Amino acid sequence: MAKLYVLDPYHPDALSKLLSTPNLTTILPNDPAKQQWKDDAVAIMLRSETRLTEADIAAAKNLKFILKQGVGVDNIDLDAAKKYGIQVFNTPALNSEAVAELSIALALAVARRVTEIDRRIRAGEKIVRSKMLGRSLFRKAIGIVGMGNIGRVVAKKWIGAMEGNVIAYDPYAPEDAWKNNSDTIAHTRVYQVEELLSASDVVSLHVPLTSSTRGLIGSEQLKIMKKEAILLNCARGGVVDEKALLEALKTGEIGGVALDASDVEPPTVEVYGEGLLSCDNVIMTPHIGASTMENQSASGIAVVDTLLKVLGG
Ligand code: NAD
């Protein structure tokens with residue numbers, strides 16, 4: 001009987017589908033036996049929490065399938081998986097609406113100082129409204145770095161909700177990606193990220209973490225941005241140089257930041273209390289882009305469906 005180990009938490013809908021599948025032994029994430037997955041797992045299901053190194057993959061002699069809920073696979077040594085003939089599956093596009101929704105929510109929350117004002121009220125401050133003016137994002141320009149599944153949904157939502165322009169930078173998107181189809185998104189395409197940075201009121205990052213995107217936004221790039229611009233990173237920690245970011249915030253080079261992805265996750269007061277979290281115009285969330293009930297259920301079930309297909313075939 002095939003043995004599956006679920007290494008990270010999955011939505012109950014996905015787990016109950018697994019448990020009702022015949023001819024499959026499933027070890028659930030809260031079972032201490034999961035530590036032994038390398039001994040006999042044929043398949044493993046994970047999310048972002050588990051990191052798979054070459055040593056892990058080499059040690060798992062029966063492993064045939066790695067299934068990842070979500071799109072980013074930077075926590076898996078893909079070269080090692082290829083070397084050992086293990087197939088890796090993810091769930092592209094499924095979480096795009098959820099991540100795009102959070103990106104827009106964070107942009108508005110920074111612009112209107114929502115979390116800062118809420119914090120002040122809770123601390124007992126009597127708010128003087130005239131001192132808490134925010135900025136409107138209506139008809140402002142968003143610069144989207146990475147026009148893949150999530151970037152495009154952000155673009156659509158921005159045009160629909162803000163009536164603003166979209167500036168897009170994605171050197172790897174196929175030339176015909178947005179041309180001549182009903183899904184075409186009105187945008188200005190730029191070929192240098194600097195062009196996008198200098199013209200955008202909000203800069204939203206939607207790239208994978210790769211050697212070409214690590215440190216993509218550093219001190220040079222932050223200096224190019226408008227002084228009142230908002231930077232959003234709902235992609236991956238590492239894409240933004242956090243040291244340079246703190247410096248830019250302290251010197252007023254940019255207007256505000258929201259990070260759903262950070263070098264250290266989840267972000268804590270111990271790590272960021274004297275740094276990014278000491279700035280009123282910063283919001284940090286712990287990689288919750290895909291964390292809606294609707295998406296967790298749908299994406300978890302999609303992983304299970306893929307598993308059943310590959311095991312059946
Ligand atoms: P996708 O593969 O559909 O799109 C990524 C796009 O980035 C592609 O079009 C690619 O050409 C482009 N790209 C790659 N390198 C680039 C570079 N150097 N400069 C500009 N563009 C570049 O992926 P997606 O579904 O849109 O997701 C994007 C990323 O968002 C994921 O890789 C993941 O890191 C992150 N993500 C975060 C969360 C979260 O919870 N915050 C959830 C899902 C995904």
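Residues numbered from 1 in each chain as written. Predicted model: local features only at pLDDT ≥ 70, side-chain atom pairs only at ≥ 80, totals over all residues. Heavy atoms only, no water.

So, the pattern of salt bridges: which residues are in play, and what are the values?
A full pass over the atoms with the stated rule returns 15 salt bridges. Residue Asp-56 pairs with Lys-38 through a salt bridge whose shortest N-O separation is 3.2 Å. Placement of Asp-56 in helix 3 (residues 54-59) and of Lys-38 in helix 2 (residues 37-40) is noted, with a sequence separation of 18 residues between them. Since its relative accessible area comes to 14%, Asp-56 is described here as buried. Glu-253 is the partner of Lys-223 in a salt bridge, and the nearest nitrogen-oxygen pair spans 4.0 Å. Residue Lys-223 is found in helix 9 (residues 219-224), and its partner Glu-253 is found in the loop between helix 10 (242-250) and strand 11 (256-259); the two are separated by 30 residues along the sequence. A relative accessible area of 52% means that Lys-223 is categorised as exposed. Judged by relative accessible area, which is 17%, Glu-253 ranks as buried. Because the salt bridges share partners, they merge into one network encompassing Arg-113, Glu-116, Arg-119, Arg-120, Glu-125 and Asp-280. (Salt bridge = Lys/Arg side-chain N within 4 Å of Asp/Glu carboxyl O. Helix = DSSP H or I, 4+ residues; strand = E, 2+ residues; numbered from the N terminus. Buried < 20%, exposed > 50% of the residue type's maximum accessible area, 1.4 Å probe, protein only.)

Describe in detail helix 7 (residues 149-162), supporting the description with residues and values.
Helix length check: helix 7 (14 residues) gives 20 Å between terminal C-alpha atoms against 20 Å at 1.5 Å per residue, within 8%. Within helix 7, burial applies to Ile-150, Gly-151, Val-153, Val-154, Ala-155, Trp-158 and Met-162. Among the residues trailing helix 7, Glu-163 stands out with phi positive, at a value near 55°. (Expected span 1.5 Å × (residues − 1).)

Explain helix 1 (residues 12-19) to me, using residue names and the numbers behind them.
By the burial criterion, the buried members of helix 1 are Ala-14, Leu-15 and Leu-18. Across the axial projection of helix 1, the buried residues extend over an arc of 95°, all falling on one side. Those residues of helix 1 hidden inside the fold are in contact with strand 1 (2-6), strand 2 (24-27), strand 3 (43-46) and helix 12 (293-312). (Arc of directions from axis to C-beta. Contact = heavy atoms within 4.5 Å.)

Before we move on, could you go through the site of the ligand and cite the residues and values that matter?
Around the ligand sit 25 residues in total, of which Asn-149, Ile-150, Asp-170, Asp-260 and His-287 are the nearest. Here His-287 contributes a side-chain N or O atom positioned 3.4 Å from an oxygen atom of the ligand. Here the ligand loses 88% of its free accessible area of 860 Å² to cover by the protein chains. Grouping the amino acids of the shell around the ligand by side-chain chemistry returns 13 nonpolar, 9 polar and 3 charged. (Near = heavy atom within 4 Å. Polar contact = N/O pair within 3.5 Å; in protein donor to acceptor, adjacent residues only side chain to side chain. Areas by Shrake-Rupley, 256 points an atom, 1.4 Å probe, with all protein chains shown as cover. Nonpolar A, V, L, I, M, F, W, Y, C, P; charged D, E, K, R; others polar.)

Before we move on, can you summarise the packing of helix 5 (residues 96-111) against helix 7 with the specific residues and values?
In the contact formed by helix 5 and helix 7, the axes pass within 8 Å of each other and the chain directions differ by 50°. Viewed along their axes, helix 5 and helix 7 adopt a mutual orientation that is oblique. Helix 7 is crossed by helix 5, and the crossing has right-handed handedness. Residues Ser-96, Glu-97, Val-99, Ala-100, Glu-101, Ser-103, Ile-104, Ala-107 and Leu-108 of helix 5 form the contact with helix 7, whose participating residues are Asn-149, Ile-150, Val-153, Val-154, Lys-157, Trp-158 and Met-162. Considering only residue class, the contact of helix 5 with helix 7 consists of 10 nonpolar, 3 polar and 3 charged. (Axes fitted to C-alpha atoms, helices over the stretch in contact; angles between N-to-C directions. Parallel < 35°, antiparallel > 145°, perpendicular 65-115°, else oblique. Left-handed = near helix turned anticlockwise from the far one by under 90°.)

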